[in-house]
Amino acid sequence: MAQTKVIALTGNQAAAEAMRQINFDIAAVYPISPQTELMGFFAEYVANGEVDTEMIAVDGEHSAMATCIGAAAAGARTITASAGPGIAYMVENLYVASGMRVPIVLLDVNRALSAPLSIHCDHADSMLTRDTSWISIFSENAQEAYHNIIMAVKISEKAMFPIIVNYDGYIVSHSIEDVEILDDETVRNFVGPSDIHRIPYPLLDTDKPVTYGATAQPDYYTECKYQQHVDFLKVYDIVREVFDEFAEISGKRYDFIEEYKTEDAEYIGISMGSSFGTLKDAVDRLREQGRKVGAIKIRLYRPFPVKEIAQALSKAKGVVVLDRADSFDGIGGPLFKDIATALLATENNPYLHNFIYGLGGREIHEEEFMRAFDRLERLEKGIETRENFVEYLQVRE
Amino acid sequence: MEYIRLQEKLPPKEYRSDIEPTWCPGCGDFGVVTALTKAFSEEKLDPTAITMTSGIGCSSRLPLWMNAFGVHTAHGRALPAAVGIRLAKPETPTIVTAGDGDIFSIGMEHFPHTARKNFDITLVVMDNRMYALTKNQTSPTSRHGYKGSLNPYGNIEDPFNVIKFAIASGATFVAQSYSGNPKHLAETIQAAVEHKGFAFVNVLSPCPTFNKIDTFKYYKGRLIDINKELGHDPSDMKAALELASHALDADFPELEDAEPFKGKRPIGIFYKVEKETFEERVANLQEKFRPESGEPDWDEILAKYRP
Ligand SMILES: Cc1ncc(C[n+]2csc(CCOP(=O)(O)OP(=O)(O)O)c2C)c(N)n1
Ligand code: SF4
Ligand SMILES: [Mg+2]
């Protein structure tokens with residue numbers, strides 16, 4: 001087990017610390033709130049020679065991702081970070097990266113999308129990435145962001161898929177909390193050397209010459225996508241393996257989802273990211289009133305933990321999915337649809353309801369989540385009725 | 001197409017909105033607001049017909065302070081949005097106000113194309129030589145050695161000569177001015193608005209909060225008017241390019257005495273030429289291929305393809 005120390009850090013500082021310890025080969029950066037500060041912290045490590053990272057300030061996020069693709073194809077361990085509109089601008093290249101099967105770490109400091117312009121947190125940006133075949137992990141707090149980044153490097157390189165680590169803008173990125181930091185050597189041993197240090201010229205490997213991203217005509221495109229599909233399903237095992245290895249060095253055991261008081265729960269709320277603490281508080285307060293409620297947090301978002309969700313909901317009477325982004329399609333937020341699909345894997349057929357909350361940085365309180373449970377229970381019992389299964393939790397109409 | 005204009009001049013303050021600017025006290029961009037309102041007033045523009053388009057940045061907030069139709073687009077996309085406006089409403093003066101980052105970094109691909117196509121757009125860039133809204137990073141116009149939050153020991157890149165680039169891109173009006181010289185700035189912007197075609201005004205506009213080098217104090221006494229002091233004729237492209245290639249000389253102390261600017265920053269109109277605008281060419285095309293009678297003769301057209 002590693003030596004650890006506890007220090008007070010913001011989410012961005014904790015992420016920069018993970019980046020320092022990993023000692024990425026290449027970092028491509030373009031500033032955008034609330035990510036900018038993160039790369040500012042990291043820039044100091046670069047400038048002071050505390051890392052070997054070559055850092056380049058590019059001219060936009062599209063170029064940031066393109067730079068990462070080039071660097072990763074050349075065998076470098078590569079990172080970039082962005083938020084909101086920056087993620088949106090990257091999307092074309094996100095598909096290119098995953099289709100080429102290059103490992104890249106992308107930190108998404110979750111931010112709302114324009115218009116109207118907002119620099120504050122919601123998950124709309126990350127939802128743009130959900131079909132890109134990037135592995136995606138959400139962090140509840142600075143501690144998890146720190147751990148997730150370290151694990152992400154390994155997951156991505158084992159799976160040969162790029163990976164996104166999400167943490168909530170401002171709520172996590174700018175709030176200070178105690179973070180347990182591993183020692184440098186443990187982290188460096190855990191991630192191991194990058195390809196560029198193992199193979200001198202991965203791009204010029206004459207025994208295994210490759211072209212990245214060549215054209216595929218209709219006779220082969222489907223096969224390429226099928227391979228991607230099959231391999232992406234192998235990511236579950238790889239993530240589990242890395243979570244296990246990480247538990248050995250850190251003593252912290254992670255799972256695809258986190259369950260809270262779900263064992264005997266009739267009604268279960270589900271969320272991702274920083275709001276989970278609030279959701280647990282809501283559960284505690286309802287439990288004090290004798291209500292059988294529980295909560296689930298999604299940590300591994302892509303690939304989606306279908307089996308684990310199905311298992312965790314196999315006895316629930318009702319489920320309320322809390323989405324920090326809307327899909328505007330009349331069939332619920334993105335997470336709601338994922339949960340509804342995952343329920344196909346269980347015989348149980350709980351009553352499902354969906355609330356959209358926390359858009360553009362709107363603060364969320366336990367009373368509001370308690371209301372969400374109330375509404376779910378009354379709907380399930382037929383005391384109340386609904387016109388639609390997606391509703392807004394906090395809104396002035 | 002002719003702009004919609006008023007019969008009588010409106011006082012400049014009529015072009016301001018009720019929204020109080022959120023800029024820092026002393027921000028150079030205030031000078032640009034004043035100059036724009038003066039130029040609009042002189043040009044008798046109708047506030048209900050002006051469109052002001054911007055991207056993202058401190059500077060890109062400018063349309064909010066104006067009594068005009070405003071479109072605050074995505075970062076870097078002010079010019080293509082303005083192109084859309086040009087095509088849909090060619091009778092509205094179309095002004096783009098944005099920052100050096102917005103136009104020359106993330107939105108760079110749009111500049112040369114909008115310029116060479118010669119859309120009738122007035123582009124006013126507030127060049128504070130860095131990204132201010134994101135709290136001090138180097139932009140493509142930052143000096144070599146400039147310290148931003150992503151390069152604590154100074155910029156290793158060289159700055160981009162936007163004046164030379166604009167002329168080379170085919171812009172039909174290229175000027176530089178300074179937000180600390182309200183008269184020159186208002187006159188230059190007015191000339192740009194009056195110009196039919198793509199008019200680019202690069203405004204040296206200090207950011208006193210972050211940029212401690214390119215300050216009002218720095219610019220004081222360090223500007224040279226290329227038209228008045230050096231007698232430059234903007235119709236002479238060769239001379240314009242020659243002058244433009246020295247636009248950044250003042251960044252280098254070793255060029256303190258070098259011709260033509262002797263350590264000073266050039267302001268004035270570098271280049272100006274009359275050329276058909278894209279909008280005019282579209283109108284001409286439509287005119288040329290418009291069928292004489294309303295409906296095309298389908299039988300005649302189909303007959304051409306019958307064996
Ligand atoms: C796609 C995208 N990437 C990044 C940002 C973050 N961002 C906002 S303003 C800005 C730079 C603005 O610089 P400039 O245009 O020079 O304006 P200034 O603030 O200096 O006036 C950046 C990078 C964004 N809003 N959208
Ligand atoms: S930060 Fe600089 S550019 Fe932005 S408003 Fe303040 S002075 Fe102006
Ligand atoms: Mg700027």
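The structure under discussion appears in the preceding block.
Residues numbered from 1 in each chain as written. Chains lettered and ligands numbered in written order. Predicted model: local features only at pLDDT ≥ 70, side-chain atom pairs only at ≥ 80, totals over all residues.

Looking at the overall build of chain A
And then number 1: Along chain A, the regular secondary structure elements total 14 helices and 15 strands.
And then number 2: Relative to the compact-globule value of 21 Å for 397 residues, chain A shows a C-alpha radius of gyration of 21 Å, a close match.
And then number 3: The dimensions of chain A, computed from C-alpha atoms along their principal axes, are 70 × 55 × 45 Å.
And then number 4: Out of the 397 residues in chain A, the part that is buried amounts to 52%. (Helix = DSSP H or I, 4+ residues; strand = E, 2+ residues; numbered from the N terminus. Rg over C-alpha atoms; globule rule 2.2 N^0.38 Å. Buried ≥ 20, exposed ≤ 12 C-beta atoms within 10 Å, placed from the backbone.)

Overview of the site of ligand 2
And then number 1: All residues adjacent to ligand 2 are W23, C24, C27, D29, C58, N128, A132, C207, P208, T209 and F210 of chain B.
And then number 2: Here the residues of the shell around ligand 2 sort into eight nonpolar, two polar and one charged. (Near = placed C-beta within 6 Å. Nonpolar A, V, L, I, M, F, W, Y, C, P; charged D, E, K, R; others polar.)

Describing the sheet that holds strand β6 (residues 199–204) of chain B
Residues and elements named next belong to chain B.
And then number 1: One open sheet holds the eight strands; their spatial order is β2-β1-β3-β4-β6-β5-β8-β7, and the pairing between them is mixed. Each of the sheet's edge strands pairs with one partner strand only, and the pair in question is β2 (69–72) and β7 (223–225). Direction aside, neighbouring strands of the sheet carry axes that sit 20 degrees apart on average.
And then number 2: Here four bridges tie strand β5 (residues 173–178) to strand β8 (residues 265–272), and the two strands are oriented antiparallel to one another. When the sheet's bridge partners are listed, Q176 is paired in β8 with G268.
And then number 3: The strands touched by helix α6 (residues 182–194) are β4 (121–127), β5, β6 and β8; relative to β5, the strand with the most contacts, the crossing angle is about 160 degrees. (Pairing = 2+ DSSP bridges. Axes fitted to C-alpha atoms, helices over the stretch in contact; angles between N-to-C directions. Contact = placed C-beta atoms within 7 Å.)

Topic: the sheet that holds strand β15 (residues 390–392) of chain A
By definition, the strands of a sheet pair up through backbone hydrogen bonds, in either a parallel or an antiparallel sense.
Residue and element names in this part refer to chain A.
And then number 1: Here we have six strands laid out as an open sheet, ordered β9-β11-β10-β13-β14-β15, and mixed in their pairing. Bordering the open sheet on either side are β9 (257–260) and β15, each of which pairs with just one other strand. On average, adjacent strands in this sheet sit at an angle of 20 degrees to one another, irrespective of strand direction.
And then number 2: In this sheet, strand β14 (residues 351–356) lies alongside strand β13 (residues 318–323) in parallel orientation, the contact comprising six bridges. Bridging across to β14, V320 finds its partner in H353.
And then number 3: Packing against the sheet, helix α11 (residues 276–288) makes contact with β9, β10 (267–271) and β11 (293–298), and its axis sits at approximately 170 degrees to β11.
And then number 4: Strands β10, β11, β13 and β14 of the sheet are contacted by helix α14 (residues 366–380), whose axis makes an angle of about 140 degrees with β13.

Structural notes on the site of ligand 1
And then number 1: Residues in close proximity to ligand 1 total 24 residues, the closest being G57, S59, H75, G99 and G101 of chain B.
And then number 2: Only α4 (84–100) of chain A together with β3 (94–99) and α3 (100–106) of chain B provide two or more residues apiece to the shell around ligand 1.
And then number 3: No other element matches the four residues that α3 of chain B contributes to the shell around ligand 1.
And then number 4: Each residue belonging to the shell around ligand 1 can be placed in one class, and the counts come to twelve nonpolar, nine polar and three charged.

Describing the interface of chain A and chain B
And then number 1: At the junction of the two partners, chain A supplies 16 residues and chain B supplies 17 residues.
And then number 2: For the side of chain A that touches chain B, the element with the most residues is helix α2 (residues 36–47) of chain A, which contributes six residues.
And then number 3: Considered class by class, the residues forming the side of chain A that touches chain B number nine nonpolar, five polar and two charged.

Focus on the pairing of β6 of chain B
Residues and elements named next belong to chain B.
And then number 1: Within β6, six of the six residues are buried, leaving the element largely enclosed by the surrounding structure.
And then number 2: Burial along β6 is two-sided: A199, V201 and V203 facing one way and F200, N202 and L204 facing the other are all buried.
And then number 3: Note: β4 against β6, six bridges, orientation parallel. By the bridge assignment, V124 is partnered in β6 with V201.
And then number 4: Sheet topology places β5 next to β6; six bridges connect them, and they run parallel. Note on β6: the bridge partner recorded for Y178 is L204.
And then number 5: In this region the chain leaves β5, passes through α6 and returns to the parallel neighbour β6; the handedness of that crossover is right-handed. (Right-handed = clockwise from strand over helix to strand, strands pointing away.)

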